[in-house]
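# Secondary and tertiary structure notes
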Amino acid sequence: MSASFEHRALLYVSREELVEAMAPFLREGVADGDAVFVATTRANAGALREALGVDARAIDFADAETWYTRPAETLDRYRRRVERRPAGTSARVLGEPTWRGSQATRLEWARYESALNVAFQGTPLSLVCPYDASALPDSVLEHAQATHPELVGPDGPQRSHAFVEPAAFPAAVGRPGDVRVLLESSVADADELDDVRRAVSRFAAEAGLAPARRAELALAVHELASNALRHGRPPARVRLGLADDRLVCEVADGGSGIADPLAGWLPRNGGGVGGWGLVLARRFADGLEIGPGASVRVHVDCVPAAGARAQTTSIASPNE
Amino acid sequence: MEGGALRGHVSLTYRTEDERRRAMVGFLTAGLERGERLLYVAADPDRDLRALEAGAFRVADFVREGRLAVASTAEAYFRGGAFDADARVRAFAEEVDGAMRAGFSGLCIAADATAILEHPTARDTWTAYELRADLLATRLPFAALCAYDERRSDPRLLAEVDAVHRHRSGGSPKAAPFRLHAEADRLVLEGEVDLTCADRVRELLASAGRDLGRLPVDISGLAFADVAGIRALVAASRQAPVQLLGASPTFRRAWAALDCDGLDTIRLADREASGGEAT
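Residues numbered from 1 in each chain as written. Chains lettered and ligands numbered in written order. Predicted model: local features only at pLDDT ≥ 70, side-chain atom pairs only at ≥ 80, totals over all residues. Heavy atoms only, no water.

With that settled, consider the overall build of chain B. Scanning chain B for helices and strands turns up 11 helices and 12 strands. Taken over the C-alpha trace, chain B has a radius of gyration of 20 Å; the compact-globule value for 279 residues is 19 Å, and the two agree within 12%. Evaluated residue by residue, chain B yields a buried proportion of 53% over its 279 residues. Summed over its atoms, the accessible surface of chain B is roughly 11800 Å², and 49% of this surface lies on carbon and sulfur atoms. (Helix = DSSP H or I, 4+ residues; strand = E, 2+ residues; numbered from the N terminus. Rg over C-alpha atoms; globule rule 2.2 N^0.38 Å. Buried < 20%, exposed > 50% of the residue type's maximum accessible area, 1.4 Å probe, protein only. Areas by Shrake-Rupley, 256 points an atom, 1.4 Å probe, with all protein chains shown as cover.)

We now examine empty space enclosed by the protein. According to the stated counting rule, one finds 3 cavities of 30 Å³ or more in the structure shown. Along its surface, the largest cavity is lined by H9, Y77, F92, I109, W126, Y129, E130, A133, F142, A144, L145 and C146 of chain B. If you list the elements that add at least two residues to the lining of the largest cavity, you get α7 (120-139) and β5 (142-149) of chain B. Residues of the lining of the largest cavity, tallied by class, amount to 10 nonpolar, 1 polar and 1 charged. There is about 40 Å³ of room inside the second largest cavity. Lining the second largest cavity are A104, P176, R246, V248, G287, E289, R297, V298 and H299 of chain A. Every element with two or more residues in the lining of the second largest cavity is listed here: β10 (246-252), β11 (287-290) and β12 (295-301) of chain A. The dominant element in the lining of the second largest cavity, judged by the number of residues it contributes, is β12 of chain A, at 3 residues. Partitioned by chemical class, the residues of the lining of the second largest cavity number 4 nonpolar, 2 polar and 3 charged. (1 Å grid on protein atoms, 1.4 Å probe; cavity = no way out; pocket = protein on both sides within 12 Å on 5 of 7 lines; lining within 4 Å. Points joined across faces, edges and corners; volume = space filled by probe spheres on them. Nonpolar A, V, L, I, M, F, W, Y, C, P; charged D, E, K, R; others polar.)

Turning our attention to the interface of chain B and chain A. With 20 residues of chain B at the contact, the number on the chain A side is 31 residues. Summing both sides of the interface, chain B and chain A together bury roughly 2100 Å²; the carbon and sulfur share of this comes to 54%. Joining chain B to chain A, the criterion identifies 8 salt bridges. A salt bridge links D261 of chain B to R80 of chain A; the nearest nitrogen and oxygen atoms lie 2.7 Å apart. Applying the counting rule to chain B against chain A returns 11 residue pairs in polar contact (both at pLDDT 80 or more). Residue assignment for the side of chain B that touches chain A shows that the elements contributing at least two residues are β10 (222-225), α10 (227-237) and α11 (249-257) of chain B. When residues in the side of chain B that touches chain A are grouped by element, the largest group, 5 residues, is from α11 of chain B. Of the residues that constitute the side of chain B that touches chain A, the class distribution is 9 nonpolar, 3 polar and 8 charged. (Contact = heavy atoms within 4.5 Å. Buried area = accessible area lost by both parts, 1.4 Å probe. Salt bridge = Lys/Arg side-chain N within 4 Å of Asp/Glu carboxyl O. Polar contact = N/O pair within 3.5 Å; in protein donor to acceptor, adjacent residues only side chain to side chain.)

Among the structural elements, D194 of chain A can be located in helix α8 (residues 193-206). Residues D194 of chain A and A110 of chain A lie 84 residues apart in sequence; the distance between their C-alpha atoms is 33 Å.

Right, let's talk about the pairing of strand β11 (residues 242-245) of chain B for a bit. All names here are of chain B. Two strands pair when backbone bridges link them, and strand β9 (residues 215-218) and β11 are joined in this way by 4 bridges, in the parallel orientation. What sits directly across from D218, in β11, is L245. One crossover worth recording links β11 to the parallel strand β12 (residues 266-268) by way of α11, and it is right-handed. (Pairing = 2+ DSSP bridges. Right-handed = clockwise from strand over helix to strand, strands pointing away.)

So, about the nonpolar core. Counting 83 residues, the largest nonpolar core has L217 and L247 of chain A together with L187, L189, L244 and F251 of chain B as its most contacted members. Here the element with the most residues in this core is helix α9 (residues 211-231) of chain A; it accounts for 9 residues. Not counting residues up to four positions away in its chain, the partners in contact with F251 of chain B are I219, L222, A225, I230, L233, L244 and L268 of chain B. Among the nonpolar cores identified, the runner-up in size contains 32 residues, and A72, V82, L116 and L151 of chain A belong to it. (Core = buried A, V, L, I, M, F, W, Y, C linked by side-chain atoms within 4.5 Å.)

This part is about the side chain of H299 of chain A. Residue and element names in this part refer to chain A. By the secondary structure assignment, H299 is in strand β12. Overall, H299 belongs to the buried group, its relative accessible area being 2%. Contact partners of H299, with chain neighbours within four places excluded, come to S102, A104, T105, R246, L247, V248, A285, D286 and G287.

Glancing now at the pairing of β11 of chain A. Residues and elements named next belong to chain A. The pairing of β11 with β12 spans 4 bridges and is classified as antiparallel. When the bridges of β12 are listed, L288 appears paired with V298. The turn joining β11 and β12, which pair antiparallel and follow one another in sequence, is formed by 4 residues; a positive phi near 85° is taken by G291.

Further remarks concern the sheet that holds strand β7 (residues 156-159) of chain A. Residue and element names in this part refer to chain A. One open sheet accounts for 7 strands, arranged β3-β2-β4-β5-β1-β6-β7; its pairing is mixed. Edge positions in the sheet fall to β3 (59-63) and β7, since each of these pairs with one other strand and no more. The sheet shows a mean angle of 25° between the axes of neighbouring strands, direction not considered. Direction of pairing for strand β2 (residues 35-40) relative to β3: parallel, over a ladder of 5 bridges. Bridge pairing links F37 to D60 in β3. Most of the contacts of helix α1 (residues 15-32) go to strand β4 (residues 91-95), to which it runs at about 160°, and overall it touches β1 (6-12), β2, β3, β4 and β5 (125-132). Together, β1, β5 and β6 (150-153) form the strand contacts of helix α6 (residues 138-147), whose direction differs from that of β1 by roughly 155°. (Axes fitted to C-alpha atoms, helices over the stretch in contact; angles between N-to-C directions.)

That's the geometry; what it means functionally is another story.
Right under this line is the structure:
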């Protein structure tokens, strides 16, 4: 039974190694009466069940495909699940994201792993995150050591010397690669935000995004622009662009930017300045990057449709 | 202009007096054919009598028979010098009742309401009052045409007033981003609710809630709601509990993201549960 949050990474190279390390961890949780939960691939879940035998019946399993949808959404799922555990019990979790998507999306998952340290601080939760070192890119494995205070070793947990404080992590990893800016506009008044929404939606449609994701992206960008107008220094500059594997929207203003590098991760902190808007924006994007300066970027993964808009045009419709 | 084709609670924006008179007379003519008691309200109704006569109204006879009443805007809306929304809603309900007891099939009102938008005590409460009138029109045999002079009215106010009428007859004011009207068993909120109109929507819902009690609000036509919009719905529910019908998948996800799914006063109906929330 853990009194506070434990967050460890396990780098494994074979399924056997994963089972060997994790079956005792899970079995111990069952024996202690913990609320035990596993979210991983079907193959890994199958192997764990087999090793656990009857103990597996006391464990909730979720398929990583449906559990790890979007980072902020998944964090909220974990929060709700942990809050729902029976009174007086601890929670014990094996959680293995799919690490799919663009490099920018994997970076958001790394920020998610880092934000977990703050989100569950003081919560009796023991979470182990296995990483398949035989398949995942080096950058993901490096980030694992920067986002987990401890690593699971052959002789038990050991401190991760590469760990980076969560508040410093987003700046340490920066934001990825070049984006071709295709659409740019300046917004000075809230009355113009409906034009921004329509422009984002149109742009996303041309890029091949499905209707539901368009609506979510439009809402995310609307909230960022609305925050810039109300809490930054207008006008807000909205830029839409494409990279090879994603659509990017950036909103910037002339103010000093968002002070909290973890903004948007924790609904409980939503009371802060512009807090709920950022919660929504992060929830509805595959990634959200704060800074540099007073700029915020969201992206959604997509393979841009061939011939997607090649020239820069203005967002606001000239209907004064 | 075919104001007569529309029943219920209708708004009209006009640009000429002639346009206004024709629409109002047309609306009352339809009421006459339905056997309703008629009420004609204008800033200076005496000047409109010729138009009524031309519309086959035997004004003097009708007035004597109690079939038609003609009143000035001041008489109809500003008794005692101020506009009292609660008193007006009660009065209309009583007038409908009176019409029924006198053997009419209902009450039909055509009113030029422009002066109300210019009146300091009415301006702030009028839209909410109009929504309550809309509600009344769904429950009682009551039809009303509210006419507004587009040339004299604040366009923002006009757009807002328009937003709470189910039907629009003529004119084309700059539309409000949202529309809110009453059906027999629910309010219908359509369009877009964002920070620019969230406060207004909250006030309107809260004021309608005073009449309706537990309030089902159909949002299946709500194309967009931002944080401010969602918070407005939540805030309105503190006056009267709200059930939201027909929420879109995006609205549902935003609702959960803002931690609204545990609230006591406001709930999403289960309809349109589009699978897959894994929690």
